[in-house]
Amino acid sequence: MGVTTAELFRDDASLAACEAAVLAVDATGVQLDRTVFYPQGGGQAGDRGELRLPDGTTLVIADTRKGAEPGTIMHLPAPGQEALLAALAVGMTVQAAIDTERRRRHMRFHTATHLLCALVPHPVDGCSITADYARLDFHMTEPLDKQALTEGIARLVGQARPVGHRWISEAELDANPGLVRSMSVQPPRGQGRVRVLEIEGVDLQPCGGTHVANTAEVGAVVVTKIEKKSAMTRRVVLGFL
Ligand SMILES: [Zn+2]
């Protein structure tokens, strides 16, 4: 009741592991008092990884989701680990460690989607960021050029722009409606503050996701496909070289 999970990844996306206490556990998942695991949301996939128990055994986490209670995060176990789950007890200290290679791909792609937003000045009405590809749906009718967008991303990556976040008040957000680029993902309300992601001189928008610290870290990302999803939607798919 009223117990929430401290979201360490929001202020430091580079954290790979943390010590945490078990708040609740059942067959469906484990809730911790703090975590480095990003829960699926804002288009970005949930993290995978493992929880290391005090006796040295490890529980494999297959996915991370927001819990039913606001502010809670559920670490979902991979199948076939009933005995390990039963060994977890409320209050037990565990080491929570994410699959850093997979997360790194999410971070590179997520920052790349923001670069794409800066190159395509139209509202976004869909977004999906996975380890293998990312896609953004733009609400627009004009055609898009694959090669020009790939070159645009490469140019911004080459400029090595710093990427950072800060928290602003909801009042500040309301005073700047232009900040909200996405039609499908509205920033969470009711907490008094909203996290905004800034790519210096390129893009500024509300975002709760995990990002690289500099556009140079995005590396070689290319536009693999452009699709006309509907009369009013152009889908851009990104991949790694
Ligand atoms: Zn974002």
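All figures in this text were calculated on a predicted structure; none of them were measured in a lab.

What counts and what doesn't
Residues numbered from 1 in each chain as written. Predicted model: local features only at pLDDT ≥ 70, side-chain atom pairs only at ≥ 80, totals over all residues. Heavy atoms only, no water. Pairing = 2+ DSSP bridges. Helix = DSSP H or I, 4+ residues; strand = E, 2+ residues; numbered from the N terminus. Axes fitted to C-alpha atoms, helices over the stretch in contact; angles between N-to-C directions. Donors = N, O, S within 2.8 Å, 3.2 Å for Na, K, Ca; no water. Buried < 20%, exposed > 50% of the residue type's maximum accessible area, 1.4 Å probe, protein only. Expected span 1.5 Å × (residues − 1). Arc of directions from axis to C-beta. Contact = heavy atoms within 4.5 Å. Polar contact = N/O pair within 3.5 Å; in protein donor to acceptor, adjacent residues only side chain to side chain.

Caption draft 1: Molecular detail of the sheet that holds strand E8 (residues 93-98). An order of E2-E3-E7-E6-E5-E8 is seen for the six strands of this closed barrel, with the pairing classed as antiparallel. Put simply, the sheet's adjacent strands are angled 45° from each other on average, direction ignored. Note that strand E3 (residues 29-32) and strand E7 (residues 73-77) share two bridges and pair antiparallel. Each bridged residue has a counterpart across the sheet, and for Val30 the counterpart in E7 is His75.

Caption draft 2: Examining the coordination of the zinc ion more closely. On the protein side, the zinc ion has His110 (NE2), His114 (NE2) and Cys207 (SG) as donor atoms, found 2.1 to 2.3 Å from it. On the primary sequence, the residues serving as donors to the zinc ion are separated as H-x3-H-x92-C. One end of the pair, His110, is in helix H3 (residues 100-119); the other, Cys207, is in the loop between strand E13 (203-206) and strand E14 (221-230), with 97 residues separating them in the sequence. By relative accessible area, which is 12% here, Cys207 ends up buried.

Caption draft 3: Geometry of the pairing of E7. The element E7 is largely enclosed, with a buried count of four among its five residues. Judged from the five bridges that link them, strand E6 (residues 58-66) and E7 form a sheet pairing that is antiparallel. The residue of E7 that forms the bridge with Ile61 is Pro77. Between the end of E6 and the start of E7, which pair antiparallel, lie six residues, with Gly71 showing a positive phi angle near 85°.

Caption draft 4: Examining helix H4 (residues 146-158) more closely. The first and last C-alpha atoms of H4 sit 18 Å apart over 13 residues, in line with the 18 Å expected at 1.5 Å per residue. All buried positions along H4 are accounted for by Leu149, Thr150, Gly152, Ile153, Leu156 and Val157. Each buried residue of H4 sits inside an arc of 160° when the element is viewed along its axis, so together they form one side. Residues of H4 that are buried make contact with H3, E14 and strand E15 (233-240). Among the residues of H4, the N-terminal cap falls to Asp145, whose side-chain oxygen and the backbone nitrogen of Gln147 are separated by 3.4 Å. Remark: Ala160 follows H4 within two positions and exhibits a positive phi of approximately 50°.

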